[in-house]
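# Overview (structure and organization)
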Amino acid sequence: MLEHSDDRAVNDWCIEHLGHPVAERTFTAGNLSVVHGLRLTNGREVVLKIRDEDPRLGACTWVQHRMWRAGYPCPEPLAGPLPLGTKVASAETPLPGGEEPAPADAPRQFAGLLADFVTRAEDLDPQPLLRPAPAWVHWYHKEDGVWPVPDDRDVDLNAERCSATAWLDELGAPYASGWKRSATLPACSDMETGTAAT
C-alpha cells in the first residue's frame, strides 16, 4: 500500500478505474506530467500519468488506442483520462525497457518509427481536438517570432540567441510566417502519444 495522502487518491483512482489497489510504486518520473510506475495487488504493472486537464487528452488517447490496435509499438491505454483531484489521470501498459540507440543509428531508427506511424495512421479520421498542439510542436502558432511560448518554462525563446543554433532561427523564419497564413498544412500534433492531425 502507498503511504502519503496523494498516494491515497492514486490508490482510490486505481481501485475505481483499474479494479485493484496499488501494492507498490516502482518508479516516479515526469516533466509536464507526473508519471508513476505502479504494481497493483493482482500483480499487474501499469503506468499512471497525472497532468493538467486538456481537451486534447481524450483525442490523443483515442489515436493512441487505435495505433496500439494497429500494431504500432506504443503503450495500450487502459483507463482515462479521468479526474484525479484537481488533475486528470490516465493509465496504460508499460513498455519493456530498451537501450538508447547509438547516435549514428538514431536518425534511421526514428525515421523508421515515423514512417511506420504514418503508414498505420493513414485510415484514421482527423481529430480536431488535437489542436492547439503543445508548445513544443506548435509550428502554426500566432505569436511573433519563430518559436512559440513554451509551456514548461518562463522564457522567451525568440529572445534567446545562441550562435550554435542561429541557423535554425534563420531557416525557420520564412516558413513560420507561411505556416501562419495556411491552415491546411499537415502537422504532427503530439509525438509523446503518437498522434497526428491535418
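Source: prediction; values computed, not measured. (Residues numbered from 1 in each chain as written. Predicted model: local features only at pLDDT ≥ 70, side-chain atom pairs only at ≥ 80, totals over all residues. Heavy atoms only, no water.)

## Describing the overall build of the protein chain
Condition: Segments assigned H or I by DSSP are reported as helices when at least four residues long, segments assigned E as strands when at least two residues long, and all are numbered from the N terminus. Only protein chains enter the accessibility calculation, which uses a 1.4 Å probe; a residue whose area is less than 20% of its type maximum is buried, one above 50% is exposed, and one in between is partly exposed. Note on contacts: a residue pair qualifies if any of its non-hydrogen atoms lie within 4.5 Å across the two residues.
Helix and strand counts for the protein chain stand at four helices and seven strands. Shown N-terminal to C-terminal, the secondary structure of the protein chain runs as helices and strands in the order α-β-β-β-α-β-β-α-α-β-β. The proportion of buried residues among the 198 residues of the protein chain is 34%. Partitioning the intrachain contacts of the protein chain with sequence separation of at least 6 by distance along the chain shows that 48% fall at a separation of at least 24.

## A few points about the sheet that holds strand β2 (residues 34–40)
The condition that has to hold: Strands were regarded as paired on the criterion that DSSP finds at least two bridges between them. Here an axis means a line fitted to C-alpha atoms, over the contact stretch when the element is a helix, while the angle between two N-to-C directions is reported on a 0 to 180 degree scale.
Overall, antiparallel pairing links the five strands, which are arranged β1-β2-β3-β5-β4 in an open sheet. Where the open sheet ends on each side, the last strands, each with one partner, are β1 (22–30) and β4 (77–84). Taking each pair of neighbouring strands and ignoring which way they run, the sheet shows an average axis angle of 20°. Strand contacts of helix α2 (residues 56–69): β3 (45–51), β4 and β5 (87–92), with the helix running at about 170° to β4, the strand carrying the most contacts.

## Describing the pairing of β4
Taken together, the five bridges between β4 and β5 define a ladder with antiparallel strand orientation. The residue bridging Leu84 from the neighbouring strand is Lys87, located in β5. Where β4 folds back on β5, the antiparallel hairpin that results is connected by two residues, among which Gly85 adopts a positive phi of roughly 65°.

## Quick look at the environment of Leu40
Assignment of secondary structure puts Leu40 in strand β2. Given a relative accessible area of 2%, Leu40 falls into the buried group. With 19 residues separating them along the chain, Leu40 and Pro21 place their C-alpha atoms 5.7 Å apart.

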